[in-house]
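Architecture and fold: a report
What follows is the residue order along each chain.
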Amino acid sequence: MLGLDEVRDFVKKTLCSRDNLEVGAFAISETPVHRGSAVCGVYFCLHGPRLLRLTAIWDRETGVVLCYGPRGERFLTARLNNPATAA
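Here goes a summary of the coordinates provided. Residue positions are given per chain, counting from 1 as you read along its sequence in written order. Local features in this predicted model are restricted to residues of pLDDT 70 or higher, and side-chain atom pairs are both shown and tallied only at a pLDDT of 80 or more, whereas totals for entire chains, interfaces and linings draw on every residue. Values reported for side chains reflect all heavy atoms of the structure, with hydrogen atoms and water molecules removed beforehand.

Before going further, it helps to examine the sheet that holds strand β1 (residues 27-35). At least two DSSP bridges between two strands are required for those strands to pair. The helix and strand labels rest on DSSP assignments: H or I over at least four residues marks a helix, E over at least two residues marks a strand, and numbering proceeds from the N terminus. Pairing within the open sheet is antiparallel, and its 5 strands lie in the order β1-β2-β3-β4-β5. Looking along the sheet, the strands with just one partner apiece sit at the ends: β1 and β5 (74-79). For this sheet, the mean angle separating the axes of adjacent strands, direction not counted, is 15°. Alignment of strand β3 (residues 53-59) against strand β4 (residues 64-68), held across 5 bridges, turns out to be antiparallel. The partner of W58 across the bridge, within β4, is V65. Where helices are involved, their axes are fitted lines through C-alpha atoms of the stretch in contact, as for all axes, and angles between N-to-C directions lie from 0 to 180°.

Note: β1 against strand β2 (residues 38-47), 9 bridges, orientation antiparallel. Each bridged residue has a counterpart across the sheet, and for I28 the counterpart in β2 is L46. Where β2 lies against β3, 7 bridges are found, and the strand directions are antiparallel. Residue L46 lies in a different strand from β3, and its bridge partner there is L54. Taking the residues that link successive antiparallel strands as the turn, the β2-β3 hairpin has 5 residues, and the phi of R50 there is positive, at about 55°.

Of note, L54 is situated in strand β3. Since its relative accessible area comes to 0%, L54 is described here as buried. The sequence separation of L54 and Y68 amounts to 14 residues, and the corresponding C-alpha distance is 6.0 Å. Categorising residues by exposure relies on relative accessible area from a 1.4 Å probe, with only protein chains included: less than 20% of the type maximum marks a residue as buried, more than 50% marks it as exposed, and the intermediate range marks it as partly exposed.

Written out as structure tokens, the structure is:
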């Protein structure tokens with residue numbers, strides 16, 4: 001299973017490529033997702049130009065990342081169980 005750093009890099013590249021944004025040019029916030037008292041994933045939000053918000057949710061248990069566009073539409077579901085799928 002991939003670690004948080006690999007997932008973070010995948011999410012940054014994926015969200016930026018959706019709207020042709022330069023990777024690293026805009027802030028990405030991260031919020032832990034809890035199930036009970038345990039952290040089960042991370043909610044990512046890219047804060048782009050003109051109030052653009054692109055989001056992703058990583059389910060730590062399954063290794064699935066769900067990516068959403070500015071209107072809340074899901075544009076990608078990716079299973080990141082091994083490093084080869086994140087490239």
